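This is what each chain is made of:
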Amino acid sequence: MSTESVPFFRPSIGEDEIAAVTECLRSGWLTTGPKTAAFEKAFTDFLGGDVEAVAVNSATAALHLGLEALGVGPGDEVIVPTLTFTATAEVVRYLGAQPVLVDIDPATLCIDPDRVEAAITPRTKVLIPVHFAGRMSDMTTLRAIADKHGLQILDDAAHALPAHHQGVTVGKAGADVTAFSFYANKTITTGEGGMLVTADPSTAARVRTMRLHGIDRDVFNRFTDPRASWVYDVVAPGFKYNLTDIASALGLVQLQRANDFGRIRAERVARYDAAFSDLPLILPPGPADGDGHSWHLYIIQLTEDAPLNRDDFILALKEEGISTSVHYRPLHLMTVWKPFCEGACFEHADLVFSRCVSLPLFMAMTDAEQNRVIEAVRSVLKGVTN
Ligand SMILES: *Cc1c(COP(=O)(O)O)cnc(C)c1O
């Protein structure tokens, strides 16, 4: 048995990625330009067309620009699951609106549609479902709720490429706007980066303007258009959220590999599930019937029969050289978000948080590494190695 430690994540960067970035560096064009235009086009094609893709420098930027384009402002409320990364809620505050935290469905770890409906007030403007760990939220039900109450949906799809709901790809599965992340440990990466997707041309146009200072022409257009590059207007106090061509060159290669990456992660998930079936664990929720899961994270929960608690389990795995993580400490427990949910009850997220652990799951993981994780989990929980 190897004693090498197993990291929680290692990116999968091949010679093609290195060559693509090198070519970009040699090209003389580093910021948003031809590679970014090509990455946006490839992303639209990846989703099967009929949407616009706007590249930005993070999913946080995509969420912020999406909410801005949907017209969210002071006095509005935006519904967010409590079990998510803080970015999902912080963008609501950027615009002076109120995040309204809602509990999850323990069977899916995604936002509970019944609780969404209960949280709607006359001020509610947007719902932000998070496709948690890569499992699609119940978009059919959420869309019906949104339509009934005249709300819009901004998908936080930071975990969810590739995934689909009832055969319809994420990005077109009932949301008005979808935000993807290419952060270093997401399912594909550009180091830092994100993509906003929408089928609405006016939303896309607003986002293109606001991602670069509110200027009515982007920098690439300014240098390729026959009009002089200094002829531009500023139509709004915009942001500085554009993606570099260096990052887009990397993204173009990673996107070509996204489906293979997803297939390989799903194979690793099947191996974990089979190896853990007799342990005192709740295994991660699979996709709903007819949906596709991107398997960004593999999250197990210790049951009451487990011989140790979650924190001790993490320490025991660490001693075996296995790195793990916890997704997430719910937002309602965080200092900044507590004041937004006084009196509210989040018993499902609290229970999941008390017993959940994310195990290493990444495309570059070797069989030997996965075997090490399996042996360590089995021996910590059962004293059994096989
Ligand atoms: C990673 C993540 C984000 C933020 O992505 P960035 O690209 O780092 O801004 C937002 N929401 C969720 C659920 C995430 O996991």
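Reading guide: rules and limits
- Residues numbered from 1 in each chain as written.
- Predicted model: local features only at pLDDT ≥ 70, side-chain atom pairs only at ≥ 80, totals over all residues.
- Heavy atoms only, no water.
- Helix = DSSP H or I, 4+ residues; strand = E, 2+ residues; numbered from the N terminus.
- Rg over C-alpha atoms; globule rule 2.2 N^0.38 Å.
- Buried < 20%, exposed > 50% of the residue type's maximum accessible area, 1.4 Å probe, protein only.
- Contact = heavy atoms within 4.5 Å.
- Areas by Shrake-Rupley, 256 points an atom, 1.4 Å probe, with all protein chains shown as cover.
- Lys, Arg positive; Asp, Glu negative; His and termini not counted.
- Charge placed at Lys NZ, Arg CZ, Asp CG, Glu CD.
- Core = buried A, V, L, I, M, F, W, Y, C linked by side-chain atoms within 4.5 Å.
- Domains from an automatic or database assignment.
- Buried area = accessible area lost by both parts, 1.4 Å probe.
- Salt bridge = Lys/Arg side-chain N within 4 Å of Asp/Glu carboxyl O.
- Polar contact = N/O pair within 3.5 Å; in protein donor to acceptor, adjacent residues only side chain to side chain.
- 1 Å grid on protein atoms, 1.4 Å probe; cavity = no way out; pocket = protein on both sides within 12 Å on 5 of 7 lines; lining within 4 Å.
- Points joined across faces, edges and corners; volume = space filled by probe spheres on them.
- pLDDT = per-residue confidence, 0-100.
- Nonpolar A, V, L, I, M, F, W, Y, C, P; charged D, E, K, R; others polar.
- Pairing = 2+ DSSP bridges.
- Axes fitted to C-alpha atoms, helices over the stretch in contact; angles between N-to-C directions.

The next point concerns the overall build of the protein. Looking only at helices and strands, the protein has 12 helices and 12 strands in total. Taken over C-alpha atoms, the radius of gyration comes to 21 Å for the protein, in line with the 21 Å a tight globule of 386 residues would show. Once the C-alpha set of the protein is aligned to its principal axes, its extents read approximately 70 × 55 × 35 Å. Within the span of the protein, comprising 386 residues, buried residues form 54% of the whole. Put simply, of all contacts in the protein between residues at least 6 apart along the chain, 72% involve residues at least 24 apart. Summed over its atoms, the accessible surface of the protein is roughly 15,900 Å², and 53% of this surface lies on carbon and sulfur atoms. Across the protein, the mean location of the 33 positive side-chain charges is 4 Å away from that of the 48 negative side-chain charges.

With 44 residues, the main nonpolar core has Leu 67 and Ile 128 as its most contacted residues. Tallying contributions element by element places helix 3 (residues 59-69) first for this core, with five residues. In terms of domain composition, this core takes at least three residues from each of domain 1 (15-256) and domain 2 (258-382). Apart from the residues within four sequence positions on either side, Leu 67 is in contact with Val 72, Val 78, Val 91, Val 92, Leu 95, Val 126, Ile 128 and Leu 154. Formed by 39 residues, the second largest nonpolar core is a distinct cluster that contains Val 51, Ala 55, Ile 188 and Leu 243.

Here we come to the domain arrangement of the protein. Assigned domains within the protein: domain 1 (15-256) and domain 2 (258-382). Look at where the C-alpha atoms of domain 1 and domain 2 centre, and you get two points 26 Å apart. Counting from both sides, the interface comprises 43 residues of domain 1 and, opposite them, 33 residues of domain 2. Note on domain 1 versus domain 2: buried area summed over both sides is about 3,200 Å², and carbon and sulfur give 61% of it. Counting the surface domain 1 buries against domain 2, the share from its top three residues, Thr 82, Leu 101 and Arg 135, is 17%. Taken together, domain 1 and domain 2 are joined by one salt bridge. Applying the counting rule to domain 1 against domain 2 returns 23 residue pairs in polar contact (both at pLDDT 80 or more).

For the rest of this paragraph, the subject is the layout of surface pockets. Quantified by volume, the largest pocket comes out at close to 410 Å³. Considering the residues around the largest pocket, the lining is formed by 26 residues, among which Phe 85, Ser 181, Tyr 183, Lys 186 and Tyr 328 are closest to the centre. Counting only elements with at least two residues in the lining of the largest pocket, the list comes to helix 3 and helix 4 (87-94). With three residues, the top contributor of residues to the lining of the largest pocket is helix 3. Split by domain, the lining of the largest pocket shows at least three residues from each of two domains, domain 1 (15-256) and domain 2 (258-382).

Here we come to the confidence of the model for the protein. Here the protein averages 96 in pLDDT, while 97% of its residues score no lower than 70. Between the elements of the protein, mean pLDDT differs from a low of 69, seen in helix 8 (residues 219-224), to a high of 99, seen in strand 8 (residues 177-181).

With that out of the way, let us pick up empty space enclosed by the protein. All chains considered together, the criterion is met by two cavities of 30 Å³ or more. Looking at the largest cavity, its volume works out to about 130 Å³. For the lining of the largest cavity, the class distribution of residues is nine nonpolar, six polar and two charged. Composition of the lining of the largest cavity by domain shows at least three residues from each of domain 1 (15-256) and domain 2 (258-382). If you add up the space inside the second largest cavity, you get close to 50 Å³. Looking at the second largest cavity, the residues that line it are Thr 108, Leu 109, Phe 132, Ala 133, Arg 135, Pro 284, Pro 285, His 293, Trp 295, Leu 297 and Ile 299. When grouped by side-chain class, the residues that make up the lining of the second largest cavity number eight nonpolar, two polar and one charged.

Our next topic: the sheet that holds strand 8. The strand order 1-9-8-5-4-2-3 describes an open sheet built from seven strands, whose pairing is mixed. Of all strands in the sheet, those with a lone pairing partner are strand 1 (52-56) and strand 3 (98-102), marking the two edges. Neighbour-to-neighbour, the strand axes of this sheet turn through a mean angle of 25°, independent of strand direction. When strand 8 meets strand 9 (residues 194-198), the two strands line up antiparallel, connected through five bridges.

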